[in-house]
Amino acid sequence: MRILHAVWQDSREQEAGLLHLWLEKPEEKSVRRGAGRNEYPTHPYAGKPDEIRAVLEELLGAPLEAALPPGEMPLFLPTRVGLPMPSHLLDGPGDTVTGWRVPTLWMTAGQASRQLSTLLQQRANTNEAYASPDLLVWAAVCRWVMALLARERLVPIMEHPNHDAKTATLRWVPVLDDAQDAQRMKQLVDAMPPSARAYDYEVRSATDTIKGFVSTAVDSLARRWVSEIFGRLPKQIHGWPQGSVQWLTAVYEGRTQVGGVANELSRLAKDLQAWSDGLMTPMGRGFRTCFRLHAPHRLSDDWKVQIILQGADDPTLLMEAEDLWRPMKGQRQLIEASQEQLLADLGRALKVFPELERCLRQALPSAVTLSTEEAAEFLQRTAWLLEESGFGVQIPGWAKGQTTPWSVQLTVSEPGGGQESKIGLNNLLNYRWEVAIGDETLNADEFLAMADSKVPLVQVRGQWVLLDRSRIDQAIKLLEGGRNTPMTLGDALRTAANLEGGLTTQIKFAGTLGSLNGEESMAELPAPQGFQGTLRPYQLRGYSWLWFLRQRGLGACLADDMGLGKTIQLIAMMLLSQEKGVKDGPALLVCPTSVLGNWGREIARFGPTLQVMVHHGAGRRQGQTFQDAASKQDLVITTYALVARDMATLGNVDWSGVILDEAQNIKNPEAQQAKAVRRLKACYRVALTGTPVENRLTDLWSVMEFLNPGLLGSQESFKRRFASNIERYQNADTVNRLRTLVQPFILRRLKTDARIIQDLPEKQEMKTYCPLTREQASLYQATVRNMLSKVEDAQGIQRRGLILQSMLRLKQICNHPTLFLDDNSEVGRRSGKLARLQEMLEEILANSDRALIFTQFARMGHMLTRHLTEEFGCDVLFLHGGVPQKERDKLVARFQGADGPPFLVLSLKAGGVGLNLTNASHVFHFDRWWNPAVEDQATDRAFRIGQKKNVQVHKFICSGTLEEAIDTLIESKVQLARNVVGGGEDWLTELSNDQLRQLLSLREEDVEEAV
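Rules behind the numbers
Residues numbered from 1 in each chain as written. Predicted model: local features only at pLDDT ≥ 70, side-chain atom pairs only at ≥ 80, totals over all residues. Heavy atoms only, no water. Pairing = 2+ DSSP bridges. Helix = DSSP H or I, 4+ residues; strand = E, 2+ residues; numbered from the N terminus. Contact = heavy atoms within 4.5 Å. Axes fitted to C-alpha atoms, helices over the stretch in contact; angles between N-to-C directions. 1 Å grid on protein atoms, 1.4 Å probe; cavity = no way out; pocket = protein on both sides within 12 Å on 5 of 7 lines; lining within 4 Å. Points joined across faces, edges and corners; volume = space filled by probe spheres on them. Nonpolar A, V, L, I, M, F, W, Y, C, P; charged D, E, K, R; others polar. Phe/Tyr/Trp six-rings, centres within 6.5 Å; stacked < 30°, edge-to-face > 60°. Buried < 20%, exposed > 50% of the residue type's maximum accessible area, 1.4 Å probe, protein only. Lys NZ or Arg CZ within 6 Å of the ring centre and 35° of its normal. Core = buried A, V, L, I, M, F, W, Y, C linked by side-chain atoms within 4.5 Å. Expected span 1.5 Å × (residues − 1). Polar contact = N/O pair within 3.5 Å; in protein donor to acceptor, adjacent residues only side chain to side chain. Right-handed = clockwise from strand over helix to strand, strands pointing away. Arc of directions from axis to C-beta. Salt bridge = Lys/Arg side-chain N within 4 Å of Asp/Glu carboxyl O.

(A) The arrangement of the sheet that holds strand 23 (residues 587-591) in detail. Strand order in the open sheet formed by 7 strands is 24-25-23-26-27-22-28, and the pairing between neighbours is parallel. The two strands at the open ends of the sheet, each matched to only one other strand, are strand 24 (612-614) and strand 28 (746-747). Helix-sheet contacts for helix 18 (residues 623-630) involve strand 24, strand 25 (635-639) and strand 26 (655-661), and the interaxial angle to strand 24 is about 155°.

Put into structure tokens, the structure is as follows:
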């Protein structure tokens, strides 16, 4: 065990001091006595300077910012039988206290405050290294010093030794006169063990020791910081007296000495002393003076500030000043001393509270009356100055926040209140202005009449409220200027978001528009008649919301978490349009190539009555031929790459709507595909994405510019007004203003939301269909041709072996060409599966979820681990059969840790059983085992007792390949799959040549187009 101590050595001669660090260890060695009679023996269990440094860095969790000088100091410690006892026994009964010399590393008070302030209780020990109670107390003192500086609880003073001296000493001293600091000092004194003062614990008290350190540290740090921040004198001081200029020069340059004319320095020192005394209340008194504000019940009455005395140690002990002037028998001497202190306090308070002069004219000062204007000044400025000067202030509860929350409220509604009117962002609305103050609402006329008083302290429906005068003037300008001005929805939102800053405004949607921000419940629609399946309650609300915005010509961003069913909510909206006979042209759906097949299958499953055309592949239609074919469809599906490439064809169609799936693909507003989708003509626009903001707020701007052009202003304006303040400074007001603008158009539901989670199954399985790249398709077809040519003449075991070997190769091709070729070539975007995996993992990472990725190929696992590490810049773990048991346990523990890596790749055989990986809420089967039981076992690594989230299982299938054909076969014969197919892949070898050919044939439309 190694225990690190800290002891303060005050230097009375130089009015400075050092904090020494020394190390106490259990190992014994011979005691070496000092040579001289006055020397103390060397402590036999004290660590060397190098050991002290190592332990300190271990406890801090970081290297020291600079090397610390070695030193030596005598400590008075308990001693028994000629040997020092553990230092924590100091001041205990029965032990003799003698001096021992210990090696140290020392810091100045300023250095200690900067470095030790990060040492917290939770880091008090590590690897048998411990922070002693005295070190922890000194660390708390250091944090207090830094807090004093941050709160600016310090003043500069000047000490002039005599009238003839031509130099004076400049020091910064802490101001420790408020209740918070008095309480902090008491806590530190009570917590400080004698070992923290082992240098002179019998000479100086804990209070004096802490005060000495704090004073020295504040002086050192303040001089350094003032010189670094300011560095040179302000221009305004030219023409001041020479002594004042020289003093201020020393302050700004961080010096300790001031030179000048002796009598000027003496006079300046006295003035500074009087000024600083006026700012501070001496500590250690039995009471402090407080000022309590009373509000009048009627508008015509005066306000009153009552003077009271408050117990220094017990703030609940209160005595009114008028009682102080009527001393009871036997208390005259005590009361007279208190009266003198009170009068002195009132004299000091007069400097910041000039209205007290009226009170001091009275024979027995106990209260002062204020006008409403003066009361407003007291609440806004004087109360704060009194508290900073060490006085107590008590104000009414309604004024605790300094000003009452209030805002200008804009209420808008559709013209005529129509249910189905298209309003868009640029259509005119009905509106009215109001002002919300606390729980009260005033119309524009009432507020303007109230504001005529020009006083920020006003009565609203009998309740006093304090308003910001500058904001009142801004509200008057807004209300008077906006009364008769036509307004669109876009104008209303931008006004409510208050793009110019300052005044807080809110927008309230009335009538049928109330659903935009939840003030009115959304009219929930029943599922469309053509929908094949069941919509969960939150999905019904989502599709109803999509329809609501569509009917009003407003763009909608459905931003539900992955797995909550964005696709089927969109399909339901399309079916409702078909059911209602709304036919204003086909809709265009743009998606990544990797999910092109998924959309076709999901529509065929849930909305088979929809007429769908896929615009993809080398033989896709162009020009008028395309327009004629598209006009007969409900939905045309294409990819982001083709929108930019085929703009001449797609841009000439008047689309009923444009829908973007995985809308984060347009996060770069300067990319060609982002520019292309913004040019498409449409009556409504929808964006589907689980991550509306991936990296920067410009992602959000790009999506919203597609949905509702112009809503967020230009890109440069958006960066200046929103992105910089939020990304750099996390400005809460700016966040709220941006939320006001975009919230009506974004519906975001999370799996962690209790209202959503109860609607979900505990385990949700989904199939993800991925296209082959051109390279994969070429390799796949060549392998099939080669296998079929050989299998024609093969018999028995040779035929079976040939089929199984070919199946293995085809599965490798479906995973990645490099896995099949075994050539260690670059990974790139050569695999449809890997491209889709990356897209899904991006969303999982953005939502701070974790995932397991299973593959039956160890080489694929290594490839995934390397590639994902490079792509995401985070640790990706890999568990396979070659990992020893001890390392396997460490790997699992690391993934299960609170700060563990987000992704764990596992080989199916090594990681499919015997593991508890409940920190993952997503499971990916990158390649299929074609054995439901084996896949279920692997999934159950995450879906087991201890799992607190819903588990989503993603099964990857290459479209048009044997993977899809076998999955279809298994699904059509579920019982057979579990009883027969579940035994492995041998059943494939029993198929006839024709069955094999049909099973393995590759469909051209399921090949990803090279772009």
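(B) Seen up close, the layout of surface pockets. Reported here for the largest pocket is a volume of approximately 1300 Å³. Across the lining of the largest pocket, the residue classes tally to 16 nonpolar, 11 polar and 19 charged.

(C) Layout of the sheet that holds strand 30 (residues 851-855). Strand order in the open sheet formed by 6 strands is 29-34-33-30-32-31, and the pairing between neighbours is parallel. Edge positions in the open sheet fall to strand 29 (763-770) and strand 31 (876-879), since each of these has one partner strand only. Neighbour-to-neighbour, the strand axes of the sheet open up by a mean angle of 20°, direction not taken into account. Summarising the sheet, strand 33 (residues 922-925) and strand 34 (residues 951-958) pair through 4 bridges and their orientation is parallel. Looking at strand 34, one finds that histidine 922 is bridged to glutamine 952. Sheet contacts for helix 29 (residues 832-846): strand 29, strand 30, strand 32 (903-907), strand 33 and strand 34; angle to strand 34, the most-contacted strand, approximately 160°. Against the sheet, helix 30 (residues 858-872) makes contact with strand 30, strand 31 and strand 32, and its axis sits at roughly 170° relative to strand 31, the strand it touches most.

(D) Structural context of the packing of aromatic side chains. In total, this model carries 14 aromatic pairs according to the counting rule given. Taken together, a centroid distance of 6.0 Å and an interplanar angle of 40° make the contact between phenylalanine 926 and phenylalanine 956 tilted. On the criterion of sequence distance, the pair formed by phenylalanine 926 in the loop between strand 33 and helix 33 (932-939) and phenylalanine 956 in strand 34 is long-range, its members being 30 residues apart. By relative accessible area, phenylalanine 926 is classed as buried at 0%. The class of phenylalanine 956 is buried, set by a relative accessible area of 0%. Just above the ring of phenylalanine 926 sits the side chain of lysine 833; from NZ or CZ to the centre is 5.6 Å. Residue placement shows arginine 850 over the ring face of phenylalanine 895; its charged tip is 5.7 Å from the ring centre.

(E) Structural view of the nonpolar core. Core analysis: the biggest nonpolar cluster contains 109 residues, and Ile437, Phe447, Trp599 and Ile659 have the highest contact counts within it. Ignoring anything within four residues of it in the chain, the contact list for tryptophan 599 reads Thr567, Leu570, Ile571, Leu589, Cys591, Ile637, Asp661 and Leu688.

(F) Layout of helix 29. The end-to-end C-alpha separation of helix 29 is 22 Å, in line with the 21 Å expected for 15 residues at 1.5 Å each. In terms of residue burial, helix 29 counts as a mostly covered element, since 12 of its 15 residues are buried. Looking only at helix 29, the buried set comprises Gly832, Lys833, Leu834, Ala835, Arg836, Leu837, Gln838, Glu839, Met840, Leu841, Glu843 and Ile844. The distance from a side-chain oxygen at the start of helix 29 to the backbone nitrogen of lysine 833 is 3.3 Å, and the residue carrying that oxygen is serine 831. Taken from the residues just after helix 29, serine 848 is the one with a positive phi, measuring 60°.

(G) Region of interest: the pairing of strand 21 (residues 505-509). Of the two faces of strand 21, the one lined by Thr505, Ile507 and Phe509 is fully buried and the one lined by Gln506 and Lys508 carries no buried residue. Sheet topology places strand 16 (residues 406-413) next to strand 21; 5 bridges connect them, and they run parallel. Residue valine 412 lies in a different strand from strand 21, and its bridge partner there is phenylalanine 509.

(H) How the structure looks around unusual backbone geometry. Within the chain, glutamate 152 stands out as a residue other than glycine whose phi angle is a positive 60°. With respect to the helices and strands, the residue glutamate 152 is situated in the loop between helix 3 (133-150) and strand 8 (154-159). Take glutamate 152: its relative accessible area is 62%, and that puts it in the exposed class.

(I) Just the pairing of strand 31, in detail. Neither face of strand 31 is left uncovered, since the one carrying Val876 and Phe878 and the one carrying Leu877 and Leu879 both have all their residues buried. Direction of pairing for strand 31 relative to strand 32: parallel, over a ladder of 4 bridges. By the bridge assignment, leucine 879 is partnered in strand 32 with leucine 906. At this point the chain moves from strand 31, through helix 31 (residues 885-896), to the parallel strand 32, and the crossover so formed is right-handed.

(J) Focus on helix 1 (residues 49-60). With 12 residues, helix 1 should reach 16 Å at 1.5 Å per residue; the first-to-last C-alpha distance of 16 Å fits that figure. Listed as buried for helix 1 are Ile52, Val55, Leu56, Leu59 and Leu60. For helix 1, the angular spread of buried residues about the axis comes to 130°, placing them on one side. Looking one or two places after helix 1, you find glycine 61, whose phi comes out positive at around 75°.

(K) Structural context of the pattern of salt bridges. The tally for this structure, following the rule as stated, stands at 31 salt bridges. Where aspartate 822 meets arginine 859, a salt bridge forms, and the shortest distance between an N and an O atom there is 3.2 Å. Note that aspartate 822 is positioned in the loop between helix 28 (817-821) and helix 29 and arginine 859 in helix 30, a separation of 37 residues in sequence. Judged by relative accessible area, aspartate 822 falls into the partly exposed class, the value being 48%. Arginine 836 serves as the salt-bridge partner of glutamate 839, at 2.9 Å between the closest nitrogen and oxygen. Of the two residues, glutamate 839 and arginine 836 both sit in helix 29, 3 residues apart, roughly one turn of that helix. For arginine 836, a relative accessible area of 8% translates into the label buried. Ionic contacts of the salt-bridge type, sharing partners, join the residues Lys763, Glu765, Lys767, Arg928, Glu935, Lys955 and Asp967 into one network.

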